[in-house]
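Residue strings, one per chain:
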Amino acid sequence: MHELDEITREFLVESNEGLDQLDRDLVALEQRPKDQELLARIFRCVHTIKGTCGFLGLKKLESVSHVGENLLSLLRDGVRDLTPERTSALLQLVDALRQMLGSIESTGAEGEVDYTALIARLTALQEDQAASSAPDEAGSPKNMGDHLVERGLVTQDDVREAAERQLSGDPRHIGEILVEQAQVPPQVIAEVLETQAAEGSRAASSVADSTIRVDVGLLDRLMNLVGELVLARNQILQHLTTSADHTLGATSQRLNLITTELQEGVMKTRMQPIGNVWSKFPRVVRDLASSCGKQIRLEMEGKETELDKTIIEAIKDPLTHIVRNSADHGIEAPDVRLARGKPAEGRIFMRAFHEGGQVNIEISDDGGGIDPAVIKQKAVQKGLLTTEQAGRLNDREAFNLIFAPGFSTAAKVTNVSGRGVGMDVVKTNIEKIGGTVDVNSVTGQGTTLRIRIPLTLAIIPGLIVTSHGDRYAIPQVSLLELVRLEGEEIGRSIELIYGAPVYRLRGNLLPLVVLNHALGCTAERWDVAGREAVNVVVLQADGTQFGLVVDEINDTEEIVVKPLAKQLKGIAAFAGATIMGDGKVALILDVGGLAQQSGVLQSEHDRARTEATAGTASDDGDRRTLLLFRAGQDRRLAVPLSEIARLEEFPVASTELAGTRRVVQYRGEIMPLVRLDEILDGVTRHNEIEDPIQVVVYAHRGQSIGLMVDQITDIVEQQIVVDRRSNGRAVAGSAVVQDRVTDLLDIEAVVGLAGLNHVDSRVPAGAGAEG
Amino acid sequence: MATQQFCTFYVNDLYFGVDVLQVQEVIRSLQVTRVPLAPPAVNGLINLRGQIVTAIDLRTRLSLAPRPEGVEPMNVVVRSDDGAISLLVDEIGDVIEASDESYEPTPETLPPSAKILINGVYKLPSRLLLVLDTARATALEPASAK
C-alpha cells in the first residue's frame, strides 16, 4: 500500500468533498445560470484545488484545473454565459479531477491519462478570450488578499501589486508573494488558508466548524464495543434479579441508563443523512436525460432523513439503479409525453421519511408506468411463468415480477439498463439489510417504488420467546401483536384444516406456524386438545401476516445481531444470533425466511390468486381444495375452501327472525342466514328446514353471512376444469368433481341476490331489502 | 531436520493433531445453544467471551460413535477464514513436535468420508498421529432450508 503523507491525504479528502459539491452545484447552476453565489462557490472550489496541487507539485492536476478555473472566472464575471456544452465540459473536468485524485490515492501519482483534449475543449469554450481574463485572484470573493486586508496586515495596493506580479508570471501564491513583499507573518497566511477552507465547507453545512473527521473504522469499533457493553449490561441486570444488594442495584440502574444513552449516542455518530447518497443523483439523472434526449426534473424531499452508515452504503447501488431505471425506462421521450398530454419535462420524485422505526424511501416517476399485461407476457416469454400462472396473477403480483431474476422489460437494451440483471439484485441487496421493496404503477401515469429499511442493523429490539426449551429472538419490526388463548377459547378459535392450524383474528384467518415444527424440534402433530394456553406471536413478513405458536413469550430485550458462521448461513429460519443476559447464545429468527419455509407466503399467494379470480374461476385445470355440499335434494355444489370461514351447525330453535330474514346470534354478532334453495334456480325446495341447520359461514367485508345448505358432503382437493356454459343464477360454472357434475357457487353473487351486499350485522337493516 | 508442532487431541481413541498455529485456544466445555435444522455435525453455538462461535462435533463429523453419556467434550477453537470455529473433542493431548521424516500420506484403505478429512499420518514412537484437515472438517454442506 502506498503511503501518503499527511498533507496529501488531507488534500485528497478535502478535494473529493469539494468535487461532490461541484457536481451538485454545476447541475444546480444549469437551472439558475445567473446565481452568483453558486458560481463563486464553484470557482472557489476549482481554484482551491488548483492552488493546493500547485503547492504539492501535482503539475497535471494543476494544468487541468487551471483551464477550468479560467473558464469559470469568465462565467463568474458574466463575460460568458453558461451553455449546456460548457456545463458538460465542466462536469468532464470534475470527472478528470476525480480520476486523478483517485490515481494519487492508489498510486501516489497523477496517472498516465492524457487530458490535452479536455484542456483544449475547455480552452476553446473560452472562445479565445482567455488572455483577457487570466485568473484574477484579487477579484475572487474572500480570497487571500481580502482576508489580509481585512486583518489590516496589508493594503489593497499591496494585494493589487502582488496580483500583478502573479499575472506577469510569478508562479508563487499570492500569500507567498505577500509574505515577502509586505512582511506578513507566514502563520497568518496559514490561518487565513484555514479560514478559507472552513468557508468552503461552511457553504455545504453551517455546522462544519464544530465537526471533526473520524475514521469509520474507529466508529465501527466503538459500535462493536457498545454492543458488548449492552450485552454485559443485560447480564448484570439479569443477575440483579437474584441479588438483594441495594448499592449494586442502584449502580446497575445507573449503568443501565448510561449504556442506553451511550448506545444512542454512538448510533447517532454513525447516522448520515440520506442526502449524502442522493447528492449524486442530480448528476446521474442529468447525464442520462441528455444522453437519452429526455427532459427530466429530479425533486427530493427528506434529504435530511438519517440512516446508519452501513445501510447508507448498502442502499447506494440499489437506489442508483432504481433512479436510472426511472430515467431510462420510466420517463418517456418529450414528444411521447406531449402526445400523452403530459408536460414535456418528466419528473422523478424521491422522498425519504421515518415511519415506525423504519425508513421509507419512495422513488416515483410520472412516466409511462408498467403495463401488467406486458410484464406477464414478458415473463411467459422468458419462461419464468406458464401462461396459466401468468393469467392468475393480479396486478400487484405482476409488478413484482420485475424483481424476478433474469427479467427485463426494456424493449431495447441501452447502455444504462435493460440487461435483466438489475432489479433482482436491487431486491436481494435491500432484503440483505432487512428491508423490503415494493412496486406500484398506474399505466400511463407512472411508477412508484417503495423501499422500507431498518434504521440500524447492529442493535435492535427483539422479543424473546421459548420453544422446545430454547430461547429465540424475534426482531420487533416484524411483530404485530401477541395473542394468548386460554382454556376453551383455544378450541373455539383455533381450527385445523388438514392438520394445519389456523386462527381467527378479528374475522380474518391467520395461518399458524408452530415454531417447534418449523424448526423440526418435534414430529408430533400439533393439536389444540389438552392445552391450557396457546401463545401466538402475530408476525408480518412480506406483507403477509401469520401467527407463530411458541411455548412461552418471555420478554423484550435489546439484542446485538451477530452473523452466523457460514456453516449455518443456509438456514432460512435464522437471521443471526445474539448473546442473552445470562451469557447464553440465542438464535434470531428470520421472520421472512420462516414464513417462506413454512409455506405461509406460498399459500398467501395462492389465496391472492383465488381472490383475484373469485367469481370468474379460471378455465385452466388447476388444483383446488373444494368444499362440496348439497342444496335442496339433488343439487351438488362446490366452493373453494379458501373462501369459507367456517362450518357451523345451529338448531332451528336458535334462529330468530329479524324483519323477514332468518338470523342467528353468532359470536356476539347477528349473522343473517341465506337459504340457498331459495336463491338458486332448479333446486327442489323443502318446505321444512332440517334441524339442525348446516351453515357455511362466509366472511363478507368483515361480516359473517351464513349460507344454509342441506348437507356438507366432502372436502376434496383435485384438478378441476371449469365449464362456463352452465348459466344458473349465482353459478360461476360447472366442473366434474368426484366423477359428478358439480356447480361452482359464486358466493358474491349469492350475497348480492340475497340483498346482503351492504349488510351490517349490528343493524339488520338489510332484512327489509328483499322482503 | 524440519519438524512441525501439533496440538493434539483424542476423538474416540483416535489421536489427532492440528497445526499449532491454527489453534486459537483450548477450553473446557461451554454451554451450547442448539441450532435446529443445522447440519448434524453442528453441535450448536457457544459464547466465547462475547464472540459467537459454531461448535462442530468431530465425532459426528468423522462418522464415529456418539460421545458416551457423562463425557464432557473439550473445545479446540481453531481459526478459519470465517472466524473462529470450535471443534468438540474427547480429550486434549500435549503439544508435540513431529519430524517430517515420520510423515506418510493417509492410507488408502480408510473410509472415504474420513480419508478426505485427514491430511496424513505421522508415525510417532508410541502411536500414530492423524493430521486433521481443519478447513475440510469445518466446511459443511450448507444446511438445507427445508
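Predicted model only: the values in this text are computed from it and were never measured.

A. Structural view of the overall build of chain B. What chain B contains, in helices and strands, is three helices and 11 strands. The N-to-C order of helical and strand elements in chain B reads β-β-β-β-β-α-β-β-β-β-α-β-β-α. Looking at chain B residue by residue over its 146 residues, the buried ones come to 37%. Taking as baseline every contact in chain B between residues at least 6 positions apart, the subset at least 24 positions apart corresponds to 56%.

B. Region of the structure containing the interface of chain A and chain B. On the chain B side, the residues contacting the 24 residues of chain A number 24 residues. Those elements that provide at least two residues to the side of chain A that touches chain B are helix 10 (216–240), strand 17 (574–579) and strand 18 (585–589) of chain A. Element by element, the count of residues in the side of chain A that touches chain B is highest for strand 18 of chain A, at three residues. Grouping the constituent residues of the side of chain A that touches chain B by class yields 13 nonpolar, five polar and six charged.

C. Spotlight on the sheet that holds strand 21 (residues 646–650) of chain A. Residue and element names in this part refer to chain A. Pairing is mixed across the open sheet formed by six strands, whose spatial order is 21-25-26-24-23-22. Two strands lie at the open edges of the sheet, namely strand 21 and strand 22 (655–658), each paired on one side alone. On average, adjacent strands in this sheet sit at an angle of 40 degrees to one another, irrespective of strand direction.

D. Here's a closer look at the pairing of strand 18 of chain A. Residues and elements named next belong to chain A. Counting buried residues in strand 18 gives five out of five residues, a clear majority hidden from the surface. Here strand 18 shows no split at all, with Val585, Leu587 and Leu589 on one side and Ala586 and Ile588 on the other all buried. Here strand 17 pairs with strand 18 via five bridges, running antiparallel. Opposite Thr578, over in strand 18, you have Ala586 as the bridge partner. Between the antiparallel neighbours strand 17 and strand 18 lie five residues, among them Gly583 with a positive phi of about 90 degrees.

E. Quick look at helix 10 of chain A. Residue and element names in this part refer to chain A. When the terminal C-alpha atoms of helix 10 are compared, their 36 Å separation across 25 residues agrees well with the 36 Å that a helix rising 1.5 Å per residue should span. Within the sequence span of helix 10, burial applies to Met223, Val226, Gly227, Val230, Leu231, Arg233 and Asn234. Its buried side turned inward, helix 10 meets helix 11 (246–269), strand 8 (459–467), strand 16 (552–560) and strand 17.

F. Region of the structure containing the sheet that holds strand 11 (residues 494–497) of chain A. All names here are of chain A. Pairing is mixed in the open sheet, where six strands are placed in the order 10-14-15-13-12-11. Every other strand in the sheet has two partners, leaving strand 10 (479–486) and strand 11 as the edge strands with one partner each. Recorded for the sheet is a direction-independent mean angle of 35 degrees between the axes of neighbouring strands. Relative to strand 12 (residues 500–505), strand 11 runs antiparallel, the two being bridged by four bridges. Directly across from Ile497, in strand 12, lies its bridge partner Ala500.

G. Looking closely at the nonpolar core. Of all hydrophobic cores here, the largest spans 88 residues; its most connected members are A:Ala473, A:Val513, A:Leu548, A:Val549, A:Phe574, A:Leu589 and B:Leu45. Once residues within four sequence positions are removed from consideration, A:Ala473 is found in contact with A:Gly462, A:Leu463, A:Ile464, A:Ile559, A:Thr578, A:Ala586, A:Ile588 and A:Leu589. Ranked by size, the runner-up nonpolar core spans 42 residues in total, among them A:Ala327, A:Ile375, A:Ala379 and A:Ala398.

H. Molecular detail of the packing of helix 1 (residues 6–31) of chain A against helix 2 (residues 36–56) of chain A. Residues and elements named next belong to chain A. Between helix 1 and helix 2, whose axes approach to 9 Å, the crossing angle comes to 155 degrees. Classified by the angle their axes make, helix 1 and helix 2 are roughly antiparallel. With respect to the hand of their crossing, helix 1 and helix 2 are arranged in left-handed fashion. Along its contact with helix 1, which presents Ile7, Thr8, Phe11, Ser15, Gly18, Gln21, Leu22, Asp25, Leu26, Ala28 and Leu29, the element helix 2 presents Leu38, Leu39, Arg41, Ile42, Cys45, Thr48, Ile49, Thr52 and Leu56. Split by residue class, the contact of helix 1 with helix 2 holds 12 nonpolar, six polar and two charged.

I. Molecular detail of the confidence of the model for chain B. Taken over all residues, the pLDDT of chain B has a mean of 87, while the share at 70 or more is 95%. For this predicted complex, the interface confidence reaches an ipTM of 0.87, while the overall pTM sits at 0.48.

J. Representation of the environment of A:Asp25. Residues and elements named next belong to chain A. Assignment of secondary structure puts Asp25 in helix 1. Separated by 257 residues in the primary sequence, Asp25 and Pro282 place their C-alpha atoms 9.7 Å from one another. In this structure, Asp25 is in contact with Leu38, Arg41 and Ile42, ignoring residues within four places of it in sequence.

K. Seen up close, the packing of helix 1 of chain A against helix 4 (residues 84–107) of chain A. Residue and element names in this part refer to chain A. Contact geometry of helix 1 with helix 4 gives a least axis separation of 10 Å together with a crossing angle of 165 degrees. It follows from the interaxial angle that helix 1 and helix 4 lie roughly antiparallel. Handedness of the helix 1/helix 4 crossing: left-handed. Residues Thr8, Leu12, Ser15, Asn16, Leu19, Leu22, Asp23, Leu26 and Glu30 of helix 1 pack against Thr87, Leu90, Leu91, Val94, Leu97, Arg98, Leu101, Ile104 and Glu105 of helix 4. For the contact of helix 1 with helix 4, the per-class residue count stands at 10 nonpolar, four polar and four charged.

Parameters at a glance
Residues numbered from 1 in each chain as written. Chains lettered and ligands numbered in written order. Predicted model: local features only at pLDDT ≥ 70, side-chain atom pairs only at ≥ 80, totals over all residues. Helix = DSSP H or I, 4+ residues; strand = E, 2+ residues; numbered from the N terminus. Buried ≥ 20, exposed ≤ 12 C-beta atoms within 10 Å, placed from the backbone. Contact = placed C-beta atoms within 7 Å. Nonpolar A, V, L, I, M, F, W, Y, C, P; charged D, E, K, R; others polar. Pairing = 2+ DSSP bridges. Axes fitted to C-alpha atoms, helices over the stretch in contact; angles between N-to-C directions. Expected span 1.5 Å × (residues − 1). Core = buried A, V, L, I, M, F, W, Y, C linked by C-beta atoms within 7 Å. Parallel < 35°, antiparallel > 145°, perpendicular 65-115°, else oblique. Left-handed = near helix turned anticlockwise from the far one by under 90°. pLDDT = per-residue confidence, 0-100.

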